[in-house]
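Next come the chains, spelled out residue by residue.
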Amino acid sequence: MAHEILTVAQMYSVDRAAMQAGIPGSLLMERAGMAVAREAIILCGGRPRPVVILCGPGNNGGDGFVAARHLSAAGWRVRVGLLGDRVALRGDAAWAAECWTGCVDVASPDLLSGAGLVIDAMFGAGLNRPLEGQALALVQAMAQPGLPVLAVDVPSGIHGDNGVVLGAAPVADVTVSFFRPKPAHYLYPARGHVGRLVIADIGIPDTVLASIGPTIQTNDPTLWRAQFPRPAVTGHKYQRGHALILGGTVMTGAARLSARAALRLGAGLVTLACEPAAQLVYSLSMPSLIVQPITDAGGFSELLADPRRNAVLLGPGAGTGALLREAVLASLRAGKAGVLDADFFSSFAGALSTLRQAGLNDRWVLTPHEGEFARLFGPLTGSRLDRARHAAAESGAVVLLKGPDTVIAHPDGRVRVNHNAPPDLAIAGSGDVLSGLILALLAQGMDPFDAASTGAWLHGAAGQYCGRGLIAEDLPEAVPAVLKQNNL
Ligand SMILES: NC(=O)C1=CN([C@@H]2O[C@H](COP(=O)(O)OP(=O)(O)OC[C@H]3O[C@@H](n4cnc5c(N)ncnc54)[C@H](OP(=O)(O)O)[C@@H]3O)[C@@H](O)[C@H]2O)[C@H](O)CC1
Ligand SMILES: [K+]
C-alpha cells in the first residue's frame, strides 16, 4: 500500500516523468476521466441520474470532458457547463473537449436545476487564486441540500498543498484524485470538503517516484510495524525500558494518565517523581507505578543518573515552576530520550536556543497543540505541515503538532500526517495519554519519529475503539484490545 503524499509541484513532475516515459498526457487524462465516471456510477448506486459536469479552463476541466463522454456512453443524461471559452482550451483539455460530441453550455448556476449529481471539474492542481465571480456563484449553487457532489482531484477552491480554502469550495461527497493524494486531502479545513477520497490508478508507474523523493506520508502501521517493540520470550522488565515522569503537585491527573498509558503500552517500569505532598495521590493510583518523592531538581537529577532510566516525560500537569525547568535542562544534558509536553511549552516560551544549547535533539519528541506550538516557536506562517516541518528543523527534535490532522515532522524533513483520530479525542487528558504512549515506545528503544507516529496512530485507534462518550481514562484501557485487533 502506498503512503506517499505529493505536493502539487511534485505531482506536475510526476506527470512530466510519466510523459517522458512514453505515456501521453491524453492517455493519463482518459484514465483520469474514466475513473471519475466510474466513481460517479458507484456514488449513484449504478442508477443513472441527470448529471451536470462543470468544467474549468485547464486539465481539471479536461478530466470532466472525458467523464462526460463515458457517462453519456453508459446511458446517463449529461450536461456540460464550461467556465470560459471553448476555443481557449489548450493541449489535452482541448483534445478531451473535441472528443465530447454533446452540447457545451456556459457554466451557470441555472444549469444545476434538476441535476441529480454534479461533477466539479473546475479547478484542480492549477488553482492559483481565490474563487470569485461565476466560479464562486457555482460553488454556492452546488450547496443545494440533497445534491451530491463529486470533485475531480480536489474540490475547486482548495489549494492542493496547504489545505486552505481559497474563497469557497464545495463540500464533496467523493473526491477522485490520481496516483497519490495531495496534502490538502488530509489537512483541515480542506479535509472537511473532500468527503470519501478515492485515489485512482491512471497507469503512472511507481518508479517515477525515485526521481521525486517524496518526504510526506500518511501515517499507517505498515510504516513502523516492523519496529514496534515486542517482548522477548526470555526478556525481563529492564529490557523493556524504564520510563521516568515528573508529576505535578496540584494537577496530578495528567501525569497519572500518562503513566497509565506508558504502563499499558509495555514500558518495563515507570517511575513517577513528585514532591512529597503529592506522593500519596500517585502511590494510591496504580500499584504498578514506582513513586519517588523528590524535594528539588537535584533529586530528579539523581534519578536521571541511573542509566536504566532511559526515557523521560516532562510537562503534563507539572506546573511552570523552577522544578520543571531544571528537570528539562537536566534531562537534555543527561542525553536521555523523551517527550516534552503541556506545561513545558509555557515554561520555555520563546526559549528554543536555551533548549538547543542544553542538548535538545532528535531523541526528543515535542507534542504541542496549536497554542503551545506558538508559545515555543512563535507565530510561524504556512500550513500545519510546513510549520511542523520548520519547527522540527529549527529545534532539531521530532515535532508532533496535535490536531484532528496531527502532523509528525522529523528535523531531516520527513513528515507524516495522521488521519485516524475521531473528534471524540478532543477531551481533557487525551494529550497526556498520547505523551505516555510515546514515552513507552521510547523507553522500549523505538526510533523517536516512529514512536511519535505509532503513538499518534494508537491514540486514534483507541479513540475509535472506545467511540462516543469516551473519557481519557478509557484510552489506556483500550490499548490491549487495539494491539490485539491490529496484530501488534
Ligand atoms: N497525474 C495527474 O494528476 C493528472 C492530472 N490531470 C488533471 O490536471 C489537473 C491540473 O491541470 P492544470 O491545467 O494544470 O490546472 P487546472 O485545470 O486545475 O487549472 C488551471 C486553469 O485554471 C485557471 N485558474 C486557476 N485558479 C483560478 C481561479 N481562482 N479562478 C479562475 N481561474 C483560475 C488558470 O488560469 P490562469 O489565469 O492562472 O492561467 C488555468 O487556466 C489536475 O488537477 C487533474 O485534474 C490530468 O488529467 C491527468 C493526469
Ligand atoms: K475540482
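Residues numbered from 1 in each chain as written. Chains lettered and ligands numbered in written order. Predicted model: local features only at pLDDT ≥ 70, side-chain atom pairs only at ≥ 80, totals over all residues. Heavy atoms only, no water.

Taken together, the side chains of Glu 275, Asp 296, Glu 302 and Glu 326 make up a negatively charged region of the molecular surface. Relative to the assigned elements, Glu 326 resides in helix 12 (residues 322-333). Residue classification places Glu 326 among the partly exposed residues on the basis of a relative accessible area of 44%. (Patch = residues over 30% accessible without salt bridge, like charges linked within 9 Å, V, L, I, M, F, W, Y side chains within 5 Å. Areas by Shrake-Rupley, 256 points an atom, 1.4 Å probe, with all protein chains shown as cover. Salt bridge = Lys/Arg side-chain N within 4 Å of Asp/Glu carboxyl O. Lys, Arg positive; Asp, Glu negative; His and termini not counted. Charge placed at Lys NZ, Arg CZ, Asp CG, Glu CD. Helix = DSSP H or I, 4+ residues; strand = E, 2+ residues; numbered from the N terminus. Buried < 20%, exposed > 50% of the residue type's maximum accessible area, 1.4 Å probe, protein only.)

Glancing now at the sheet that holds strand 13 (residues 309-314). Across the sheet, 11 strands lie side by side as 1-9-18-17-16-15-14-13-10-11-12; this open sheet has mixed pairing. For this open sheet the edge positions go to strand 1 (4-5) and strand 12 (290-293), each flanked by a neighbour on one side alone. Of the pairings in the sheet, the one linking strand 14 (residues 337-340) to strand 15 (residues 364-366) comprises 3 bridges and is parallel in character. Bridging across to strand 15, Leu 340 finds its partner in Leu 366. Packing of helix 12 onto the sheet brings it into contact with strand 10 (242-246), strand 13, strand 14 and strand 15, and relative to strand 13 it is tilted by some 145°. (Pairing = 2+ DSSP bridges. Contact = heavy atoms within 4.5 Å. Axes fitted to C-alpha atoms, helices over the stretch in contact; angles between N-to-C directions.)

On to helix 1 (residues 8-20). With 13 residues, helix 1 extends 18 Å between its outermost C-alpha atoms, agreeing within 8% with the 18 Å of an ideal straight helix rising 1.5 Å per residue. Residues Val 8, Gln 10, Met 11, Val 14, Ala 17 and Ala 18 constitute the buried set of helix 1. Each element contacted by the buried residues of helix 1 is listed here: strand 1, helix 2 (25-43), strand 7 (174-178) and helix 7 (209-212). (Expected span 1.5 Å × (residues − 1).)

The next subject is the coordination of the potassium ion (ligand 2). Those donors, Asn 60 (OD1), Asp 120 (O), Phe 123 (O), Val 152 (O), Val 154 (O) and Ser 156 (OG), are the protein atoms that reach the potassium ion (ligand 2), and they lie 2.6 to 3.1 Å from it. Taken together, the 6 donor atoms coordinating the potassium ion (ligand 2) and their angles of 68 to 172° define a geometry best described as irregular. All donors of the potassium ion (ligand 2) belong to a single chain; written as a sequence motif, their spacing is N-x59-D-x2-F-x28-V-x1-V-x1-S. One end of the pair, Asn 60, is in helix 3 (residues 59-73); the other, Ser 156, is in the loop between strand 6 (149-152) and strand 7, and 96 residues separate them in sequence. One exposure class covers both Asn 60 and Ser 156, and it is buried. (Donors = N, O, S within 2.8 Å, 3.2 Å for Na, K, Ca; no water. Tetrahedral: all angles 85-135°; square planar, octahedral: opposite > 155°, others 65-115°.)

Right, let's talk about the pairing of strand 11 (residues 269-274) for a bit. Judged by how many residues are buried, strand 11 sits mostly within the fold: 6 of 6 residues are covered. Chirality of the crossover, the property in question, places the unit of strand 10, helix 9 (residues 252-264) and strand 11 among those that are right-handed. Of the pairings in the sheet, the one linking strand 11 to strand 12 comprises 4 bridges and is parallel in character. In the sheet register, Thr 271 faces strand 12, and the bridge partner there is Ile 290. In the classification by handedness, the crossover that spans strand 11, the intervening helix 10 (residues 279-285) and the parallel strand 12 is right-handed. (Right-handed = clockwise from strand over helix to strand, strands pointing away.)

A few words on the sheet that holds strand 6. In space, the 7 strands of this open sheet follow the order 4-3-2-5-6-7-8, with parallel pairing throughout. Sheet topology places strand 4 (104-106) and strand 8 (196-200) at the edges, where each strand pairs with a single neighbour. Between one strand axis and the next, the sheet turns by 25° as a mean value, whatever way the strands run. Both strand 7 and strand 8 contribute to a ladder of 5 bridges, which runs parallel. In the strand pairing of strand 8, Phe 178 is matched with Ala 200. Helix 3 contacts strand 2 (51-55), strand 3 (78-82), strand 4, strand 5 (117-121), strand 6 and strand 7 of the sheet and is inclined by roughly 155° relative to strand 2.

Here we take up the domain arrangement of the protein chain. Structurally, the protein chain comprises domain 1 (4-214) and domain 2 (221-485). A C-alpha centroid distance of 41 Å is found between domain 1 and domain 2. Residue-level contacts link 7 residues of domain 1 with 8 residues of domain 2. Together domain 1 and domain 2 conceal approximately 660 Å² of surface at their shared face, both sides included; 70% is due to carbon and sulfur atoms. Between domain 1 and domain 2 we count 0 salt bridges in total. For the pair domain 1 and domain 2, the interface holds 2 residue pairs in polar contact (both at pLDDT 80 or more). Taken together, the residues that form the side of domain 1 that touches domain 2 break down as 5 nonpolar, 1 polar and 1 charged. (Domains from an automatic or database assignment. Buried area = accessible area lost by both parts, 1.4 Å probe. Polar contact = N/O pair within 3.5 Å; in protein donor to acceptor, adjacent residues only side chain to side chain. Nonpolar A, V, L, I, M, F, W, Y, C, P; charged D, E, K, R; others polar.)

The subject of this paragraph is the UniProt feature "binding site: K(+)" (unreviewed entry) in the protein chain. Feature annotation in UniProt assigns "binding site: K(+)" (unreviewed entry) to the following positions: Asn 60, Asp 120 and Ser 156. The largest pairwise C-alpha distance within this set of annotated residues, which runs over 97 residues, is 9.5 Å, so the set is compact in three dimensions. Cross-referencing the annotated residues with the lining of the largest pocket gives Asn 60. With respect to the helices and strands, Asp 120 occurs in strand 5. Relative accessible area serves as the criterion here: at 0%, Asp 120 is assigned to the buried category. Not counting the four nearest positions on each side in its chain, Asp 120 is found in contact with Leu 54, Asn 60, Met 142, Val 149, Leu 150, Ala 151, Val 152, Val 154, Pro 155, Ser 156 and Pro 170. We classify Ser 156 as buried; its relative accessible area is 0%. Excluding anything up to four places from it in sequence, Ser 156 contacts Asp 120, Met 122, Phe 123, Leu 131, Val 139, Ala 168, Ala 169 and Pro 170. Only 2.9 Å separates the side chain of Ser 156 from the backbone nitrogen of Phe 123, close enough to count as a polar contact. (UniProt positions renumbered as here; feature names shortened; annotations may be inferred. 1 Å grid on protein atoms, 1.4 Å probe; cavity = no way out; pocket = protein on both sides within 12 Å on 5 of 7 lines; lining within 4 Å.)

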